Each structure stands twice: as C-alpha cells, then as structure tokens.
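Close look at the chain arrangement
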2 protein chains.
Amino acid sequence: MIDKQILLLPGPTPVPPRVALAMARPAINHRGPEFAELLHTVTQGLKKVFKTNNEIVILTASGTGGMEAAVANLLSPGDKALVITIGAFGERFVKIARRFGVEAEVLAFPYGQAADPVAIAERLAQDKAGEIKAILVQHNETSTGVLNDIEAISRARGDHPALLVVDAISGLAAADLRVDEWGIDVAIAGSQKAFMLPPGLTMLSLSDRAWQAVERCRNNRYYLDLKAARDYGIKGQTPYTPAVSLLYGLKEALAMLEEETLEGSFRRHACLRDMVRAGVKALGLELLAKDQVASPSVTAVKVPAGLKPSAITVPLREKHGVVVAGGQGQVKDRVFRIGHLGYVNHMDILSGLVALEEVLVSLGVASLRGAGVAKALEVYQKWKEA
Amino acid sequence: MIDKQILLLPGPTPVPPRVALAMARPAINHRGPEFAELLHTVTQGLKKVFKTNNEIVILTASGTGGMEAAVANLLSPGDKALVITIGAFGERFVKIARRFGVEAEVLAFPYGQAADPVAIAERLAQDKAGEIKAILVQHNETSTGVLNDIEAISRARGDHPALLVVDAISGLAAADLRVDEWGIDVAIAGSQKAFMLPPGLTMLSLSDRAWQAVERCRNNRYYLDLKAARDYGIKGQTPYTPAVSLLYGLKEALAMLEEETLEGSFRRHACLRDMVRAGVKALGLELLAKDQVASPSVTAVKVPAGLKPSAITVPLREKHGVVVAGGQGQVKDRVFRIGHLGYVNHMDILSGLVALEEVLVSLGVASLRGAGVAKALEVYQKWKEA
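All values reported here derive from a predicted model rather than from experimental measurement.

1. A look at the UniProt feature "modified residue: N6-(pyridoxal phosphate)lysine" (unreviewed entry) in chain A
All names here are of chain A.
- UniProt's feature table lists "modified residue: N6-(pyridoxal phosphate)lysine" (unreviewed entry) at Lys 193, given in the numbering used throughout.
- Looking at the element boundaries, Lys 193 is found in the loop between strand E9 (186–190) and strand E10 (201–206).
- You can call Lys 193 buried: its relative accessible area is 8%.
- Beyond its immediate chain neighbours, meaning those up to four positions away, Lys 193 contacts Pro 10, Gly 11, Thr 13, Ile 169, Ser 170, Leu 341 and Gly 342.

2. Looking at the interface of chain A and chain B
- The partner chain B presents 49 residues to the 49 residues of chain A that form the contact.
- Summing both sides of the interface, chain A and chain B together bury roughly 3,800 Å²; the carbon and sulfur share of this comes to 58%.
- Ranking the residues of chain A by area buried against chain B places Arg99(A), Tyr222(A) and Tyr223(A) at the top, with a combined share of 19%.
- Our count for the contact surface shared by chain A and chain B stands at two salt bridges.
- One salt bridge in this structure joins Asp225(B) and Arg99(A), with 2.8 Å as the shortest N-O distance.

3. Describing the domain arrangement of chain A
Residue and element names in this part refer to chain A.
- Under the domain assignment, chain A is made up of domain 1 (6–11 + 261–385) and domain 2 (17–259).
- For domain 1 versus domain 2, the separation of C-alpha centres amounts to 28 Å.
- On the side of domain 2, 31 residues touch domain 1, which itself brings 26 residues to the contact.
- Applying the counting criterion to the domain 1 and domain 2 interface returns one salt bridge.
- Lys 51 is paired through a salt bridge with Glu 263; the nearest N and O atoms lie 3.3 Å apart.

4. So, the side chain of Asp185(A)
Residue and element names in this part refer to chain A.
- Considering the arrangement of structural elements, one finds Asp 185 in the loop between strand E8 (163–167) and E9.
- For Asp 185, a relative accessible area of 4% corresponds to the buried category.
- For Asp 185, the side chain forms a polar contact with the side chain of Arg 157, separated by 2.8 Å.
- Apart from the residues lying within four places of it in its own chain, the contact partners of Asp 185 are Arg 157, Ala 162, Leu 163, Leu 164, Ser 205, Leu 206, Ser 207, Arg 209 and Ala 210.

5. Focus: the UniProt feature "domain: Aminotransferase class V" (unreviewed entry) in chain A
- Per the UniProt annotation, the sites labelled "domain: Aminotransferase class V" (unreviewed entry) are residues 27–328 of chain A.
- Taken end to end, residues 27–328 of chain A is 42% helix and 17% strand, and its two terminal C-alpha atoms sit 38 Å from one another.

6. A closer look at the sheet that holds E9(A)
Residues and elements named next belong to chain A.
- Read across the open sheet, the seven strands follow the order E2-E10-E9-E8-E5-E3-E4; overall the sheet is mixed. Looking along the sheet, the strands with just one partner apiece sit at the ends: strand E2 (55–60) and strand E4 (103–108). Direction aside, the axes of adjacent strands within the sheet are offset by 20° on average.
- In terms of strand pairing, strand E3 (residues 80–85) meets E4 through six bridges, oriented parallel. By the bridge assignment, Leu 82 is partnered in E4 with Glu 105.
- Seen against the sheet, helix H3 (residues 63–74) touches E2, strand E5 (132–138), E8, E9 and E10 and runs at an angle of roughly 35° to E10.
- Where helix H9 (residues 244–260) meets the sheet, its contacts fall on E2 and E10, and the angle it forms with E10 comes to roughly 65°.

7. Comments concerning the environment of Ala289(A)
Residue and element names in this part refer to chain A.
- Summarising the element assignment, Ala 289 is placed in the loop between helix H10 (262–282) and strand E11 (298–302).
- According to the relative accessible area criterion, Ala 289 is buried, its value standing at 7%.
- For the pair Ala 289 and Cys 271, spaced 18 residues apart in sequence, the C-alpha separation works out to 16 Å.
- In contact with Ala 289, not counting residues within four places along its chain, are Gly 112, Thr 144, Gly 145, Val 146 and Arg 277.

8. Focus: the packing of helix H7 (residues 208–216) of chain B against helix H8 (residues 226–234) of chain B
- It is at 10 Å that the axes of H7(B) and H8(B) come closest, and there the two elements cross at 115°. Where H7(B) abuts H8(B), its residues Trp211(B), Val214(B) and Glu215(B) lie against Leu226(B), Lys227(B) and Arg230(B).

9. Let's talk about H9(A)
- With 17 residues, H9(A) ought to run about 24 Å at 1.5 Å a step, and its terminal C-alpha atoms sit 25 Å apart, in line with that.
- Turning to H9(A), its buried residues number three or more, namely Val244(A), Ser245(A), Leu246(A), Leu247(A), Tyr248(A), Gly249(A), Leu250(A), Ala253(A), Leu254(A), Met256(A) and Leu257(A).
- As for H9(A), its buried residues are in contact with helix H1 (17–23), helix H2 (33–50), E2, E10 and H10 of chain A together with helix H9 (244–260) of chain B.
- Trailing H9(A) by a residue or two, Thr261(A) shows a phi angle of about 75°, which is positive.

10. Structural notes on the sheet that holds strand E3 (residues 80–85) of chain B
Residue and element names in this part refer to chain B.
- The strand order across the open sheet formed by seven strands is E2-E10-E9-E8-E5-E3-E4, and the pairing between neighbours is mixed. Of all strands in the sheet, those bounded by a partner on one side alone are strand E2 (55–60) and strand E4 (103–108). If you compare each strand with its neighbour and ignore which way they point, the axes differ by 20° on average.
- Bridging between E3 and strand E5 (residues 132–138) involves four bridges; their strand directions are parallel. In the sheet register, Ala 81 faces E5, and the bridge partner there is Ala 134.
- Contacts from H8 reach E2 and strand E10 (201–206), with the element oriented near 110° to E2.

11. Some remarks on the relation of the copies chain A and chain B
- For these two chains of identical sequence, chain A goes onto chain B by a turn of 180° and a shift of 0.0 Å along the axis, with RMSD 0.0 Å. Such values leave the two copies arranged in the relation of a two-fold axis. Among all residues of chain A, the minimum C-alpha distance to the rotation axis is found for Ala61(A), at 2.7 Å.
- Mapped onto chain B, 100% of the interface residues of chain A again fall at the interface, so both copies present the same surface.

12. Some details on the nonpolar core
- The biggest cluster of nonpolar side chains holds 77 residues, and the ones touching the most others in it are Leu74(A), Leu204(A), Leu74(B) and Leu204(B).
- The residues contacting Leu74(B), other than those within four sequence positions of it, are Asp79(B), Leu163(B), Val165(B), Val186(B), Leu206(B), Ala210(B), Ala213(B), Val214(B) and Cys217(B).

Thresholds, definitions, all that
Residues numbered from 1 in each chain as written. Chains lettered and ligands numbered in written order. Predicted model: local features only at pLDDT ≥ 70, side-chain atom pairs only at ≥ 80, totals over all residues. Heavy atoms only, no water. UniProt positions renumbered as here; feature names shortened; annotations may be inferred. Helix = DSSP H or I, 4+ residues; strand = E, 2+ residues; numbered from the N terminus. Buried < 20%, exposed > 50% of the residue type's maximum accessible area, 1.4 Å probe, protein only. Contact = heavy atoms within 4.5 Å. Buried area = accessible area lost by both parts, 1.4 Å probe. Salt bridge = Lys/Arg side-chain N within 4 Å of Asp/Glu carboxyl O. Domains from an automatic or database assignment. Polar contact = N/O pair within 3.5 Å; in protein donor to acceptor, adjacent residues only side chain to side chain. Pairing = 2+ DSSP bridges. Axes fitted to C-alpha atoms, helices over the stretch in contact; angles between N-to-C directions. Expected span 1.5 Å × (residues − 1). Least-squares fit on C-alpha atoms with pLDDT ≥ 70 in both. Core = buried A, V, L, I, M, F, W, Y, C linked by side-chain atoms within 4.5 Å.

See below:
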C-alpha cells in the first residue's frame, strides 16, 4: 500500500500544511528588523497561551534544553530542590539537577498516579528553614499519561518561598495552565507538542521572583543563559542564531490556536482523550491512569499479559502506518502509548482504533466487532452536541 | 517595489527551494525506524564533508551550543585551554570556557589577521608540563572574514598532547578542512552556513582522543552531553527530541553538496570571495583582511571615514532588499560584512555590488561607473575559463 502514516504520538505532532508552508519562507537576517517583528509577534502570542504577563524567552533547543535552562539558571550548586516525580520526565528533572550540583530531594508517586498536593504541603511545612529553593514538577507526565493538578500544587506551596518550576512541555495548550493566576514562576514549553511544530524550540516564562533567582545563580550556563536571552530580546534579537524557520512556523501555529481558541483546543484534546479511553477499554485493554488524572495529550495502555509493547506497536506501524509510542521509564515493557496531541482530530483517533482492533484480533486478544470505534464515536457525538 | 531580498550574510544562508520542500515532509517518530535511517544517512554524508572516519554527533542547537558542547564535554573546571583569538568568535570561546570554570589563556592576534602558527608553536614549546589540555581556534572567523591555516596550526602543535578543537561553523564546506589528515580532535559545524539550511543544528566530529577526554571530563552538561548523543546514535536515535525537519533538510543539502562536489563548493566560494574583493576595491573601499588570509565565506569591508556601518547597510536593505551584516566585536563600528556563503551564486554577488555602488554614489563616496560589477565580472569570467 502507498506510504502514508497516522502519527498518534505524544510529540512530535503532525505538522499542519499551512505551518509547513510558513516554515518554507525565505531566510531572513536574524539581526534585522524583519526578525525583530517576528520575535515580537510570537512572544506576544505565547503570552496568551501561557496566560501570563511575564517575560517569555525562546531557545533553540528541544524541551530537555528548556528543563536544563530552568535548573542551571535558577539553582546554584548545593541548593536544594524538591523534585516531584510521577514518571520518567520527573526522573529526568532529578538527573539534570544532580548533574548541575543541585541537591535533588525526590518526592515520588507511583507511575500512573498524579502527585498528591497534601503530601507536598506536608513536606514544605517541615522545611521551616526554607532550605527548598524550588519545586520541580511536570504539568503533564508524558511517560504515564497523567496530568498533575498544578493549581492545587501551587496552593500546597502556600507561603513557602520555593520557586514553582513547571515542565509544561507536553501539556501546554492541550490542558489549561494559568501561569499568572496560579503563581507559576517558570513554565517550560516545547514546539513539537500542542504547538503543532517540528521539534527545535523551547519557550520559558519567568516571573519576577524567578528573574531575581537568575541574577543570584552561580551555576554554569552560556548557550542556555536566560539573562542573555532576555537582554537580547529587548533588542528584538536572540543572543545566538535562532531557528528562524521554526519561528515562522510558530507564528502560523499561534494563529491557528487563536482561531480555534485555547478553550477550543482544551476541549478538543479532552474529547480525543475520552475517545481513546472509551475505545481502548471497549477493546478489552486496561489503562495505566485513572480517568480523574488522565492526560489530554497521551494515553498509556497496558499491554495484555504475555506480550511486549512491540507486539502491538510494530504491526500497527508496518501493517497500517499507525505510529504510536512504546513504554518509557519503569513501565517501558508494560505499556504502549497512544498520543492525541497537537494537529490531531477525531478521524485520526478512529483510524487508529480500527488499526488497533485489527492488530489485537490478529494477536488473538480481541474479536472483530468494531467495538472500539463504536464507543469512541459515541463519545465524539456527545462532544459535538455539548 | 515588491518585497524580495538578496541575502549576503555570513549565515543564515538563503535556503534552496528543494531543501525547503524537503523540510516540509510529514513528521515522523524520532524513536522509529524511519528516523534511524535518516540519522544514519546524514551522519554518513557529514563524514565525507568533515573528511573523517570519526564519529559525528548532531545536536539540536545553534553553533554556539556546539562550541559549549566542546568545552563542557572535554574540559573540567581548573583545566587550562589555549584559546587562539582573531576576532569575536574566538572571544566567545574564551567566555564559554571561563563560564565553565576552564582557565582560558588567550593568544590574541589583531582583528583582520590570521593566527600565526609560529607563535602557537612557541607557546606550546614552553608548556613542558603539558598543562594545556586543549587548543581552541576558529577555522573561519566570521567577524573579520579571515581564514586560519588549520593545517599549519595542527603542525605547530607537534607532539604536544593538547586536543585541537576547531570551530568550523562558518568555514566547513566553504573551505577545505581535513579532520583526519590534519589531526583535528573536535570539529564543530552549523546548519545555517555552507550547509544551506536554516539555523538549529550543530554537528561535531570527535577523535578517539577526544572521546577519551569526554570520559574523564567532570564538567556540567546534560542537554549537550556528547556521550549520551553517541550512545543513542548507536541505536539510531538522539537522547532528546531532535529537530527532525532540519535533518530532512540536511539530507537534501548533503545531496546537493555531493552533486556540486566538495571541491566544487570550495571553488565556488573562492570565486565569490574574489568577485566581492575585486568589486569592492574597484568601488574605492578598503578591506579588513589581506588577500592571503581572506575568508571564502564573508568579506569585512571598512566603512569610509565619517560613516557608520548602518549608513550603508540600512539603505542597501531598505532601497534594494540587499541584506548584508554590520560589524561585530572590536570592529563593530568600523566594518560592514558581505557574506558569500551557502546557497549563493555569481548573480547574487553582482546584484549586491550594483546596489552597493548605488548606495555609495548617493552617499557621495563613489561615482557611478559600474566599476564594481565590471571588476567582479572579470573575476567570474576567469573562474569560468579555468
């Protein structure tokens, strides 16, 4: 059959044709007035998505570069950070912090669960001396398909002076995140997620308190130096040559998000999540996360007993061109992940479920009844009527 | 007049239409077999351009990220590096080294001159104890338009154990660089230069000795960790999500370089350099660098007495859409720079010279005779016949 793929990944997202075309615009001088205008436009657009008046900086790097930038610009060697982990990306924050000499105290919750704000509040209440300089936490944990309640975590912080650093890479624009209202000091985003772009950009918002921490910070950084990014930003430039083609794409993607509206994007992602969950359950498979904490970006599905994730992911791709992700971290061999993030609509999900059913039937773990698509369509019809 | 630009910059280069189209290919899973094939293909292609059998890693970052990666992965805090500076990018190496706790000893040559291999040999001869762990140097210095003689610098190193780290970002594929033959331990490239791509990728080759230094290195790095990039590379992946669209572009650009041949690219860039130099001199302006050390990528032109660079660069852009660069570093207010790098041909140069002559005439510092294009055409004709 002719080679066409349906990408159901927790990033990179499929790229909308109009974004791909925007990225093919001719090159410009990144030290000239055209670039200054482009940078200004996308920065203003990002503020609406982050729901912030904070300054935003854009770095040419993938999301992990943004996570490192947050650590290396805010925390000095010997500083203590409370790292909330609910999966592999929380663990990545621990690794980055330790590489940069930061004392990472881990508050871990099991894979598949969200962080408990009460436990966070209790730990912070013990820290009378204010030794914890920052709380590092995921908005959406990509490895497990769990959405943390950042608003509740922010409330749990109470009067504790720790900075709240949120990795919102796979969550922002798919689920609500209110940087200013919730008092988020640093929020980190990535281009290849709900922003519908190829990978290569990470964007960070910093509160005034965060910028003060940047001024005091003694850690090593040059390429990911946030102060340099801010200072050049005032001139309409970046300190080092930026990924201009991706910035053109970002401008177009922000226009698309504005047309759909942010709330529309949240509703669409929630609908796609519910379609996947209903469809997969109807096919007899179990989900890693409970409904109450389920991610709007990605759903981790438990592999039937006796099978490896690749028993499902490889035939999905090879027979039907449906590309889903394997497991990651502690659940690497126990789940596969269906992404529903970015430039994805209900037909992508229905197609994916059809293919999944066919693969499960050929593995002998489901019978051919169209059960998955039927349930998913029911969810979609209700969403349409709501 | 309708909005069209002629980019005569030392990067970003104009992007060839076929490269722009390649970058609009649908997204793929960066953990899947399609990506592994893409990464393998571009890595093999890069080895030919670097003229090396060394392993090559590709990072999602601009060239400065590659410079930082070289420093932070090879040199530990307290280590000494000999940093050869002939302009602003040499000075950037000094800053990066110092930010990462490396003792940077500067061997500076005046702006507009190349590094003197004899002086380097003399300094290394004094270092009986072998305290200098690495020599950091530019292949092509973008701020001054000077090409260093890397082969001679490598010979000047002789038996000294220091690693030779070459920032070849704006030089590679425009001028010859023989990584293996010249014993270059680390060579750093960037996508937006002779590779004709948008910015966002940096590529590094590392010798076995360089990898051994990576193993010993105690400096902080995570996002730019070269060992992680190598280890994932063996699996056909990158440790963190890569800029996939740029890698598709790189594959196409490498195909174009293969069609032109590397030697053809060197000859073309040398021809464009000679056209610019002859044309600019014929217009009565002076050049910063002597012919013997002139860069094939960019030419720094002295601004006539009493004028600022913007007196020339702004009308060039606003009246004619010809985009050249201002000055940088110590010569920021004394030169403007005409790039002739990447996807540029003789007509771009002739057009640029026509516009430059018009601007100089309107400033009263030249008379309208077509002198620049005439001289440049002479150079071009000779090149065609050679």
